[in-house]
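Topology and contacts: notes
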Amino acid sequence: FSAWKQKAVVGNAGAQNRLGDMYYYRRDVEQDHKQAVEGCRRSALQGNALGQYNLGLMYEKGLGVEQDHKQAVEWYRKSALQGNAAGQRNLGFMYHTGLGVEQDHKQAVKWYQRSALQGNARGQYNLGLMYKNGLGVEQDHKQAVKWYQRSALQGNATAQNNLGTMFRDGLGVQQDHKQAVEWFRKSALQGNALGQCNLGLMYETGLGVEQDHKLAVEWYRKSALQGNADGQSNLGFMYHTGLGVEQDHKQAVEWYWKSALQGNAGGQRNLGFMHHTGLGVEQDDKQAVEWYRKSALQGNADAQCNLGLMYEKGLGVEQDHKQAVEWFRKSVAQGNQYAQSRLERMTKKK
């Protein structure tokens, strides 16, 4: 530390950035974000690209300095224009999200691409994401797979999960459930909550791996404990049905509740069902309607059907056949067969 400090004092830009880095990461010195900012600023003002990137990071996160996304963009841009891959990636992210600059997906793609071509794993992942979703570039699943794979091979856990989804769903690559499991596992073993949830799903369904409900529960639990809403809903389902774990409706309600409060449509639908049936919670059709509605408004077909049923029968809500028909039709449009049968029955009555 003292050696770097001496170099920094005499104006060595690399040492100044290094000193800031040491204060930030608590390397041989007590963590001090203000000192980190000071070191990075001195380095950045001398034109050091890494110092500029790090100063941008401090402004973006509001560490040791008041959060200022515009300042973050300014310093990321200076770093990016010098060819710093991390600066290019983060500048792309600011354009992607519209933080500190007007949102511009094409600019985001431009900077992600520059970063990715230098081998930056997060830049590669972000570029893959833009191709997957068709943001700032024409949607191209093969390109998405290409960039996810490059990132995944460098160990990026989120890219590994996303590559797994491409193999699972056959997007941009021939469907291969075994490959999907392999990539989900790599992601999950790094602690990625999405990867853990997806690996759990493969074990639950027996796709690409021998079906094992206990292992499904194990991976859902790891995901759920990190706050992943899908993992929480899926873990709730296992308790609800007694798959891989002793059936426990109260535990099911607890996990559905955690998921539903995060806005997860599946968790909301399932919580509504528990209130409707009185499993693990006091029976309450008004609460059931409330949760079915939240889920239905997000487009969940089962919730739309269930909400239609509540209106048809006047459970937890005033009976209203017009509303029932409306929700059944929304559900039918997504292929729900039971909603189709209810809709046909109601129209015949007329």
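Residues numbered from 1 in each chain as written. Predicted model: local features only at pLDDT ≥ 70, side-chain atom pairs only at ≥ 80, totals over all residues. Heavy atoms only, no water.

1. Concerning the overall build of the protein chain
A tally of regular secondary structure across the protein chain gives 20 helices and 0 strands. Computed over its C-alpha atoms, the radius of gyration of the protein chain comes to 25 Å, more than 25% above the 20 Å expected for a compact globule of 350 residues. By residue count, 47% of the 350 residues in the protein chain fall in the buried class. Put simply, of all contacts in the protein chain between residues at least 6 apart along the chain, 43% involve residues at least 24 apart. A total of about 17200 Å² of accessible surface is found on the protein chain, and carbon and sulfur atoms cover 45% of it. (Helix = DSSP H or I, 4+ residues; strand = E, 2+ residues; numbered from the N terminus. Rg over C-alpha atoms; globule rule 2.2 N^0.38 Å. Buried < 20%, exposed > 50% of the residue type's maximum accessible area, 1.4 Å probe, protein only. Contact = heavy atoms within 4.5 Å. Areas by Shrake-Rupley, 256 points an atom, 1.4 Å probe, with all protein chains shown as cover.)

2. Structural notes on the side chain of Asn161
Residue placement: Asn161 occurs in helix H10 (residues 157-169). One polar contact links Asn161 to Asn162, side chain to side chain, over a distance of 3.1 Å. (Polar contact = N/O pair within 3.5 Å; in protein donor to acceptor, adjacent residues only side chain to side chain.)

3. Considerations on the environment of Gln160
You can see Gln160 is positioned in helix H10. Separated by 12 residues in the primary sequence, Gln160 and Tyr148 have C-alpha atoms spaced 7.1 Å apart. The contact partners of Gln160, leaving out residues within four places of it in the chain, are Ala152, Gly155, Trp183, Phe184, Lys186, Ser187 and Gln190.

4. Thoughts on the packing of helix H5 (residues 69-81) against helix H6 (residues 85-97)
For the pair H5 and H6, interaxial distance at closest approach is 8 Å and the crossing angle is 140 degrees. Considering their axes alone, H5 and H6 lie oblique with respect to each other. For the pair H5 and H6, the crossing hand works out as left-handed. In this structure, H5 uses His69, Ala72, Val73, Tyr76, Arg77, Ser79 and Ala80 to contact H6, whose residues at the interface are Gly87, Gln88, Asn90, Leu91, Met94 and Tyr95. A per-class count over the contact of H5 with H6 returns 7 nonpolar, 5 polar and 1 charged. (Axes fitted to C-alpha atoms, helices over the stretch in contact; angles between N-to-C directions. Parallel < 35°, antiparallel > 145°, perpendicular 65-115°, else oblique. Left-handed = near helix turned anticlockwise from the far one by under 90°. Nonpolar A, V, L, I, M, F, W, Y, C, P; charged D, E, K, R; others polar.)

5. What about the pattern of salt bridges?
Taken as a whole and judged by the stated rule, the model has 4 salt bridges. The partner of Arg269 in a salt bridge is Asp302, and the shortest N-O contact between them spans 3.8 Å. Here the residue Arg269 occupies a position in helix H16 (residues 265-277), and Asp302 occupies one in helix H18 (residues 301-313), the gap between them amounting to 33 residues. Classification of Asp302 as partly exposed rests on a relative accessible area of 37%. (Salt bridge = Lys/Arg side-chain N within 4 Å of Asp/Glu carboxyl O.)

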